[in-house]
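Here is what each chain is made of, one letter per residue.
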Amino acid sequence: DPKVDHLALIVYTSGTTSRPKAVVHTQDRMARRAAAFAEEVGLTAADVSFVAHMISRPLALLAQVIAVLNVGGRVVLHDGVAKNFWTGYAAGPPKTFVVTIPAVAAEVLADPAAAAADHSHLRLWVAGGDSVPGPLQAKFQAATGKNLIEMCGMTEAGFYAINPTRGPVRVGSIGREMKGGAVRIVDAAGRDVPPGEVGEMLLQTAEVMVGYWNDTAETFRVIRDGWLHTGDLARRDADGFLWFAGRCKDMICRGGFKVAPPMVEAALAEHPAVARAVVVPVPDPTCGQAPFAFLLLRPGAERPTDSALRTWLADKLEPASIPIGYAVVTEWPQTYEGKLDRARLAWMAANGGAVV
């Protein structure tokens, strides 16, 4: 029946903050989402999409396969994700459009072949699924001469924010709302907060999921009054750009203070020896929780002492936000989807910061 919007896809969430949930989407909603994305980034029949992720992932299925085929473009599937990436990239036809998670972008850019590759045909490389650290953006620009476009979305709602595809990007921002969508940032009482203030993001688009399979209670908990409650924290600047500030569940409650990990991570990443920092909660007998930081050092940098790091942060953060301990990693633990595994880091922090 052409009047019926049939169920088309059930995809499980990544489960980085809770047990994975089965998200249900319909044919019409998926088609609208793919078409809206194609319009947003200006896909045409001349585009050649180089797909490095499995097409069972919404990031690849909707943004690279359905969206590109919908406008008459071509799709090239690469077997192996980061393995032999640049060999596949160089093979004809010339690739114009790539979408990866930041971890894969970082991995392939570490290959010397990245700088040697011909990027003259590349029109757009989008990174979604996790944050894009400043050093990764700089490395991408140095290798390709172009911007790595940060985008944000979620399994329940698809893509909802993106940086400008032309002109300067706001490094660290997830961009502004895509056409046809709306984002509210609210406090605990559901009131809209002013620009610059952190609150929970609520989303409203025509492509929000039907619901969670066999979980009506959870569906009604997250979709209320036509708005999807994401559980994500963000702030909006004076120009309308959105800045991710962590998950509600990731907030660290240290005594009576709330510690936002992204703010601590950003302050640590300003240290000349630190390439990236990740902050997680650790049990504290006095305050309940306290922040603990994992550091990835820049090549050749010496590890700063804990006291030096605390001094560095003293004039940047309130005392409650300064971590009680630090550990150095050489690589980040990842989920099966390639996202940062904060749960694993929290376990490591609770066990003395052991890196295993």
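Residues numbered from 1 in each chain as written. Predicted model: local features only at pLDDT ≥ 70, side-chain atom pairs only at ≥ 80, totals over all residues. Heavy atoms only, no water.

1. As for the overall build of the protein chain
- For the protein chain, the helix and strand inventory stands at 10 helices and 20 strands.
- Relative to its length of 356 residues, the protein chain is compact, with a C-alpha radius of gyration of 21 Å against a globular reference of 21 Å.
- Dimensions of the protein chain along its principal axes, counting C-alpha atoms only, are 60 × 50 × 40 Å.
- With 356 residues in all, the protein chain has 48% of them scored as buried.
- Across the protein chain, contacts joining residues at least 24 apart in sequence account for 60% of those joining residues at least 6 apart.
- When the accessible surface of the protein chain is summed, it comes to about 16800 Å², and 55% of that surface belongs to carbon and sulfur atoms. (Helix = DSSP H or I, 4+ residues; strand = E, 2+ residues; numbered from the N terminus. Rg over C-alpha atoms; globule rule 2.2 N^0.38 Å. Buried < 20%, exposed > 50% of the residue type's maximum accessible area, 1.4 Å probe, protein only. Contact = heavy atoms within 4.5 Å. Areas by Shrake-Rupley, 256 points an atom, 1.4 Å probe, with all protein chains shown as cover.)

2. Here's the deal with a nonpolar patch on the surface
- On the surface, Leu7, Ile10, Tyr12, Val210 and Trp213 cluster together into a nonpolar patch covering about 520 Å² of accessible area.
- Here Val210 lies in the loop between β11 (199–204) and β12 (211–212).
- Residue classification places Val210 among the partly exposed residues on the basis of a relative accessible area of 41%. (Patch = residues over 30% accessible without salt bridge, like charges linked within 9 Å, V, L, I, M, F, W, Y side chains within 5 Å. Salt bridge = Lys/Arg side-chain N within 4 Å of Asp/Glu carboxyl O.)

3. Description of the sheet that holds strand β2 (residues 22–26)
- Taken together, the three strands give an open sheet; going across it, the order is β1-β2-β12, and neighbouring strands pair in antiparallel fashion. Where the open sheet ends on each side, the last strands, each with one partner, are β1 (7–12) and β12.
- Bridge analysis of β2 against β12 gives two bridges, and the strand direction is antiparallel. Directly across from Val24, in β12, lies its bridge partner Gly211.
- Along the sheet, helix α1 (residues 27–41) contacts β1 and β2; its crossing angle with β2, the most-contacted strand, is approximately 80°. (Pairing = 2+ DSSP bridges. Axes fitted to C-alpha atoms, helices over the stretch in contact; angles between N-to-C directions.)

4. Description of the state of the cysteines
- Counted under the stated rule, the structure contains zero disulfides.
- Cys287 carries a free sulfur, and the closest cysteine sulfur to it, the one in Cys253, is 11 Å from it.
- We classify Cys287 as partly exposed; its relative accessible area is 29%. (Disulfide = S-S within 2.5 Å.)

5. Focus: the pairing of strand β5 (residues 97–100)
- Because side chains alternate across β5, one face comprises the buried residues Phe97 and Val99, and the other comprises Val98 and Thr100, equally buried.
- Here strand β3 (residues 48–51) runs beside β5; their pairing, made up of two bridges, is parallel. If you follow Ser49 over to β5, its bridge partner there is Phe97.
- In the sheet, β5 pairs with strand β6 (residues 124–127) via four bridges, with the strands oriented parallel. Within β6, the residue paired with Val99 across the bridge is Val126.

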